[in-house]
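Report on the structure
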Amino acid sequence: MTSRHLLRVVLPAVLVLIWLAIAGVTGPLAGKLASVSSNDASSFLPASAESTKVAEELPNFTDTDYFPAIVVAEKDSAMTPQDRAFVADTVGRFAGTPGFAERFSPAVPSADGLAVQMFVPVSTDGKPKEQIGELRDALANPPPGVTVAITGPAAQAADLSKAFAGIDGILLLVAGIVVLLILIVVYRSPILPFVVLFSAIFALALASGAVYGLAKSGTLELNGQSQGILFILVFGAATDYALLLVARYRESLADEPDARTALWAAWRATLPPIAASATTVILGVLCLMLSDLNSNRSLGPIAAIGIAASLLASITFLPAALALIGRVAFWPKVPTAETGASHRIWQRVAAFVSRSPRKVWAGTLVVLVIGAAFAPMFRADGVSTDDFFLGEVESVTGAQMHARHFDAGSGTPTWIIVDEGSATAVAEKTRTVDGVASAEVLTADMTPVTHDGRQAVQVTLADDPNSLVAQDTVVAIRDAVETVPNADAIVGGGTAVDLDTRVTAQHDRNLIIPIVLVVVLIVLIVLLRSLVAPLLLLATTVLSFGTALGVGALLFNGPFGFPGADPVVPLFAFVFLVALGIDYNIFLMT
């Protein structure tokens, strides 16, 4: 066997077998990513925020191993003793069972007599989706006229977990179908699209295995948001790189009778731009590590791993598979010297662009600017936690039911940690804030609980603790307690976490976007060894980002009817649109 034969046949076969082995080992781990992901507030908690400091001190004052679910039942007429007994007895049976605290609160009737509530501590180390599901099943058949719902932080965590459950499979299926349909239209072949699709699947398997191992070891924190982005990003990048390689390969086949020689020429021609593109995107997404939000910071390396896996699969598995298949991959329209490789429609487009470049760029610029003009309408100042859900979920409807009869913030307290001796003054000052239902110093046996010279004040908000109104109340509380001398007060709790997450996301957006621009510009200057061209290319991608944001605003505010968007949405859009938009510019310029 000659060395030439070894390179042309054996090496591609070995590469394909290696990738099959990798997919066999790491592929099943893609389905296990949900088991090492976290969707509670801690996975988004800003590292330096006031609420984080409270979370660190709070275990000294109260049991943070549990977070509350609120069982609320209401009736159009007065609740009877039998109605209250149904709730108390049914829920009480879960006390001390796995995942629940030993003791629950009693069933507390509302002032109007039309409702009753119970606080159920659920273990933070357990599986809230299963625990809340068991509670909901047990309460599914209340007495006639009684409506029961479970809300509170534990129920919200359960509903979030349910919303994210299976999202990876759905995203993978949808992305796979969309990519396959596009490839079939582009290549008009029943074989080649599946080769490209397998390249993306193998890249995803490798990336999922790496992310699973790092998340399981605690090296990085994975959440449902990052998991979904990883799936889409890998499919997009792997397909992106494959399109360039296959396009060059198709052109080479029209000039070179030997398929493997044509493939080798195409591989050498496309490796530099693909590598440069992947490097640009990797550096761009790694800028997210400068974020103060755990969710953003962990997404940086997760996305970088996905891009690296896409690059590796595209420059090894894909050419190896094409080398083994040969020209038949393009069947039934196999490119040859006689048939050529050009596409009539795109050939006409290219000819028109080359004949009338000023008309094309001017017309395109007008369209992009019109779209970008609507970008200021994009609302990204944050949304209520309840608005995370597009459909109707019980934790949201239960919160609405609870607010009709009780202080909406009961069960989800806001905490203030203060220096010893200042707790009473802080509590009195907090009660003067609009939106505060009550503020009491935490006591044990009528004595304030003290730890290392610090004390705690428990605050109940009048509004839904998941709402933006409640977040505004937390801002007012922080402003008020700052005026109490020698208190060194810090304000935290669930609502404060939501507030700090939203504010930190806005800060991250303003910090990271300029850094990404600088990083991408430097890469382009190094790659193109020019200054004017990189500035022009970067300007086009920034304009396309503005257009995407403007069109998004029209759709969000119009047919979609979204209440707004999280501040991280423009940040993610910028990082991925600019980084991936540079992709096409690099392909074109090189």
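First things first, this report covers the structure right here in the doc. (Residues numbered from 1 in each chain as written. Predicted model: local features only at pLDDT ≥ 70, side-chain atom pairs only at ≥ 80, totals over all residues. Heavy atoms only, no water.)

Some thoughts on the packing of aromatic side chains
Put simply, the rule is: Stacked, edge-to-face and tilted labels apply to pairs of Phe, Tyr and Trp rings (six-membered ring for Trp) whose centres lie within 6.5 Å, assigned for plane angles under 30 degrees, over 60, and everything in between, in that order. Elements are defined by DSSP. Helices are runs of H or I of four residues or more, strands are runs of E of two residues or more, and each kind is numbered from the N terminus. Whether a residue is buried, partly exposed or exposed follows from its accessible area with a 1.4 Å probe, protein chains only, as a fraction of its type maximum: under 20%, in between, or over 50%, in that order.
Under the criterion given, the structure shown has 13 aromatic pairs. Measuring from centroid to centroid gives 5.6 Å for Tyr 249 and Phe 330, while their planes differ by 50 degrees, and the two rings are tilted. With Tyr 249 in helix H8 (residues 224-255) and Phe 330 in the loop between helix H11 (317-325) and helix H12 (344-355), this residue pair connects regions lying 81 residues apart in the sequence. Across this residue pair, the class does not change: Tyr 249 and Phe 330 are buried.

Regarding a positive patch on the surface
The condition is simple: Residues qualify for a patch when their relative accessible area is over 30% and they have no salt bridge, like charges being joined within 9 Å and the nonpolar side chains of Val, Leu, Ile, Met, Phe, Trp and Tyr within 5 Å. Accessible areas in this description were obtained via Shrake-Rupley with a 1.4 Å probe; residue shielding takes into account the shown protein chains only. Whenever a carboxyl oxygen of Asp or Glu lies within 4 Å of a side-chain nitrogen of Lys or Arg, that contact is scored as a salt bridge. For this count, His and the chain ends are skipped, Lys and Arg are scored as positive, and Asp and Glu as negative. Where a charge sits is defined by one atom per residue type, namely NZ (Lys), CZ (Arg), CG (Asp) or CD (Glu).
Together, Arg 188, Lys 333, Arg 344 and Arg 348 give the surface a local cluster of positive charge. On the secondary structure map, Arg 188 appears in the loop between helix H6 (167-187) and helix H7 (192-216).

Overview of the environment of Leu 528
Selection rule: Whether two residues are in contact is decided by their heavy atoms: any pair within 4.5 Å suffices.
Looking at the element boundaries, Leu 528 is found in helix H17 (residues 494-528). For the pair Leu 528 and Met 589, spaced 61 residues apart in the sequence, the C-alpha separation amounts to 8.1 Å. Ignoring any residue separated from it by four or fewer positions in sequence, one finds Leu 528 in contact with Ala 533, Pro 534, Leu 537 and Met 589.

Examining the sheet that holds strand S2 (residues 108-109)
What counts, and what does not: Here, a strand pair is defined by DSSP locating no fewer than two bridges between the strands. Every angle, taken between N-to-C directions, lies between 0 and 180 degrees, and every axis is a line fitted to C-alpha atoms, over only the stretch in contact when it is a helix.
If you walk across this open sheet you meet the 4 strands as S2-S3-S1-S4, and the pairing is antiparallel. Each having just a single partner strand, S2 and strand S4 (146-151) make up the two edges of the open sheet. In this structure, strand S1 (residues 66-75) lies alongside S4, joined through 6 bridges in antiparallel fashion. Opposite Ala 73, over in S4, you have Val 148 as the bridge partner. With respect to the sheet, helix H3 (residues 81-92) is in contact with S1, S2, strand S3 (115-123) and S4, its orientation differing from that of S3 by roughly 5 degrees. Each of S1, S3 and S4 touches helix H14 (residues 394-403); the most contacted strand, S4, lies at about 115 degrees to it.

Quick word on unusual backbone geometry
With an omega of 10 degrees, the peptide bond running from Trp 331 to Pro 332 counts as cis. Secondary-structure assignment places Pro 332 in the loop between H11 and H12. Positive phi values are uncommon outside glycine, yet Asp 445 reaches one of about 55 degrees. Among the secondary structure elements, Asp 445 is positioned in the loop between strand S7 (443-444) and strand S8 (447-448). The class for Asp 445 is exposed, based on a relative accessible area of 77%.

Side note on the pattern of salt bridges
Overall, the coordinates contain 11 salt bridges when judged by the stated rule. For Glu 74, the salt bridge identified is with Arg 404, shortest N-O distance 2.7 Å. Residue Glu 74 is found in strand S1, and its partner Arg 404 is found in the loop between H14 and strand S5 (414-419); the two are separated by 330 residues along the sequence. Here Glu 394 ties to Arg 136 by a salt bridge, and the two come within 3.3 Å at their closest N and O atoms. One end of the pair, Glu 394, is in helix H14; the other, Arg 136, is in helix H4 (residues 128-138), with 258 residues separating them in the sequence. Through salt bridges with shared partners, one network takes in Glu 57, Asp 419, Arg 454 and Asp 488.

Brief notes about the environment of Arg 502
Filter applied, for reference: Any pair of N or O atoms that falls within 3.5 Å is considered a polar contact. Within protein, one atom must be able to donate a hydrogen and the other to accept it, and sequence-neighbouring residues count only if both atoms are side-chain atoms.
Tracing the backbone through its elements, the reader meets Arg 502 in helix H17. Exposure remark for Arg 502: the relative accessible area of 15% places this residue in the buried category. With 216 residues separating them in the primary sequence, Arg 502 and Leu 286 have C-alpha atoms 21 Å apart. Those residues within four positions of Arg 502 in sequence are excluded, and the remaining contacts are Asp 381, Gly 382, Leu 468, Gln 471, Asp 472 and Pro 567. In terms of polar contacts, Arg 502 uses its side chain to reach the backbone carbonyl oxygen of Asp 381, at 3.2 Å.

Quick notes on H3
Note the cut-off: Here the expected length of a helix is defined as 1.5 Å per residue gap, with one fewer gap than residues. Relevant arc is that of directions from the helix axis to the C-beta atoms, nothing else.
Here H3 spans 16 Å end to end across 12 residues, near enough to the 16 Å set by a 1.5 Å rise per residue. Looking only at H3, the buried set comprises Asp 83, Phe 86, Val 87, Thr 90 and Val 91. One side of H3 holds all its buried residues, which, seen down the axis, span an arc of 100 degrees. Exposed residues pointing more than 90 degrees away from the buried face of H3 are listed as Pro 81, Gln 82 and Asp 89.

What to know about the nonpolar core
Formally: Residues belong to a common nonpolar core when they are buried Ala, Val, Leu, Ile, Met, Phe, Trp, Tyr or Cys residues joined through side-chain atoms within 4.5 Å.
Counting 52 residues, the largest nonpolar core has Tyr 249 and Leu 322 as its most contacted members. Mapped onto this core, the elements with two or more residues apiece are helix H1 (3-30), H6, H7, H8, helix H9 (259-286), helix H10 (294-315) and H11. Looking at which element gives the most residues to this core, the answer is H7, with 13 residues. Ranked by size, the runner-up nonpolar core spans 45 residues in total, among them Tyr 241, Ile 282, Leu 521 and Val 568.

Some words on a nonpolar patch on the surface
Among the surface-exposed residues, Ile 170, Val 174, Val 178, Ile 182, Val 186 and Leu 243 lie close enough to one another that they form a single nonpolar patch of about 490 Å² accessible area. For the nonpolar patch, the element with the most residues is H6, which contributes 5 residues. Structurally, the position occupied by Leu 243 is in helix H8. Taking relative accessible area as the criterion, Leu 243 reaches 33% and is therefore assigned partly exposed.

What about the pairing of S5?
Of all the 6 residues making up S5, 5 are buried; the element is thus mostly covered by neighbouring parts of the structure. In this structure, S5 lies alongside strand S10 (residues 454-461), joined through 6 bridges in antiparallel fashion. Counted as the bridge partner of Trp 415 is Gln 458 from S10. Pairing of S5 with strand S11 (residues 490-493) involves 4 bridges; the strand directions are antiparallel. Pairing of Ile 417 across the sheet is with Ile 490, part of S11.

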